[in-house]
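# Structure assessment
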Amino acid sequence: MIMLKHALFLTFIITLFGASASAQTSLKSTLPIEAHASLANASQMNLSPNGNKVAFVQNGKGTLFLVVFDLTTGKKRFITKTDNLSVTLNWFDWLNNDVLLMGVSSTASERGVRYKVSRLLKFDLRTDDETKKCYSHRTQVA
């Protein structure tokens, strides 16, 4: 069973990133220079503890999405999105097989003083509830 999960995960990765050598050669000659400086389509792969799900960041024309792909069902679920300018997704990790924790930050102003606001967020895949705020901290920006 574990071998099957790993095979499904590898198939997912190859499908997501794979291309034949001839296609890669063809792309090299046709891609504009700007394409070489663009963000990857998917990054920061993180496998759930039981190996049934993979969480990753997907780039959609500058908007970053935190996505969970279920390797057993083949379904993709969008957890949250950010422009990575006003709110930054700093990290994410699995708490257990169904709960993702995320660290996000933003800059806020109050009475002319700028603060960096850091938040710990939780998303439970068993429910369709929105992301829950667990903790928030403010630090004054110099």
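Attention here is on the structure that accompanies the text. Each residue is numbered by its place in its chain's sequence as written, counting from 1. This being a predicted model, a pLDDT of at least 70 is required before a residue's local features are given, and a value of 80 or more before pairs of side-chain atoms are given or counted; all residues contribute to the totals for chains, interfaces and linings. In computing side-chain values, all of the structure's heavy atoms are included and hydrogens and water are not.

## Topic: the pattern of salt bridges
Throughout this description, the term salt bridge denotes a Lys or Arg side-chain nitrogen within 4 Å of a carboxyl oxygen of Asp or Glu. Here the structure, examined in full by the defined rule, presents two salt bridges. Notably, a salt bridge pairs D98 with K53, separated by 3.3 Å at the nearest N-O pair. Here D98, found in the loop between β5 (87-94) and β6 (99-110), pairs with K53, found in strand β2 (residues 53-60); they are 45 residues apart in sequence, far enough to count as distant. Given a relative accessible area of 22%, D98 falls into the partly exposed group. Working definition: helices are DSSP H or I runs of at least four residues, strands are E runs of at least two. Numbering for both runs from the N terminus. Working definition: with a 1.4 Å probe on protein chains only, accessible area under 20% of the residue-type maximum means buried, over 50% means exposed, and in between means partly exposed.

## Some details on the side chain of Q58
For Q58, the location among the structural elements is in strand β2. Residue classification places Q58 among the buried positions, given a relative accessible area of 15%. Polar contacts, as counted here, are pairs of nitrogen or oxygen atoms within 3.5 Å of one another; within protein the pair requires one atom able to donate a hydrogen and one able to accept it, and residues that are adjacent in sequence qualify only if both atoms are side-chain atoms. In this structure the side chain of Q58 is engaged in a polar contact, spanning 3.2 Å, whose partner is the side chain of K76. Residues count as neighbours in contact if any of their non-hydrogen atoms are within 4.5 Å of one another. When near neighbours in sequence (up to four residues on either side) are disregarded, Q58 contacts N41, A42, T63, L64, F65, V67, K76 and F78.

## What to know about the nonpolar core
In terms of nonpolar packing, the biggest core is built from 15 residues, with L66, V68, I79, L89, F92, L100 and M102 touching the most fellow members. Mapped by element, the contributors of at least two residues to this core are β2, β3 (63-70), β5, β6 and β7 (113-124). Not counting residues within four places of it along the chain, the set of residues in contact with V68 comprises K53, V54, A55, K75, K76, R77, I79, W94, L100 and L125. Grouping buried Ala, Val, Leu, Ile, Met, Phe, Trp, Tyr and Cys residues that are joined through side-chain atoms within 4.5 Å yields what is termed a nonpolar core. In this structure, A42, V54, F56 and L71 belong to the second largest nonpolar core, which totals six residues.

## Comments concerning the pairing of β7
Note: two strands are recorded as paired if DSSP finds a minimum of 2 bridges between them. By the bridge criterion, twelve bridges tie β6 to β7 in an arrangement that is antiparallel. By the bridge assignment for β7, T107 is matched with K116. A loop of two residues connects β6 with β7, the two strands running antiparallel in sequence, and R111 in this loop sits at a positive phi of about 55 degrees.

## Comments concerning the environment of L89
Looking at the element boundaries, L89 is found in strand β5. Sequence separation of L89 and V104 is 15 residues, and the distance between their C-alpha atoms is 4.6 Å. Apart from the residues lying within four places of it in its own chain, the contact partners of L89 are V57, L66, T82, N84, M102, G103 and V104.

## Topic: the pairing of β6
In terms of strand pairing, β5 meets β6 through seven bridges, oriented antiparallel. Each residue of the ladder has a partner; that of V87, found in β6, is S106. Taken together, β5 and the strand that follows it, β6, pair antiparallel across an intervening segment of four residues.

## Let's talk about the side chain of S106
Assignment of secondary structure puts S106 in strand β6. Overall, the relative accessible area of 15% leaves S106 in the buried class. Dropping the residues within four chain positions of it, S106 is found in contact with S86, V87, Y115, K116, V117 and R119.

## Brief notes about the sheet that holds β3
With antiparallel pairing, the four strands of this open sheet are ordered in space as β1-β2-β3-β4. The open sheet has two edge strands with one neighbour each: β1 (42-47) and β4 (76-82). Geometrically, the sheet is characterised by an average inter-axis angle of 20 degrees between neighbouring strands, direction not taken into account. Two strands pair when backbone bridges link them, and β3 and β4 are joined in this way by six bridges, in the antiparallel orientation. Simply put, an axis is a line fit to the C-alpha atoms, just over the touching stretch for a helix, and the angle between two N-to-C directions goes from 0 to 180 degrees.

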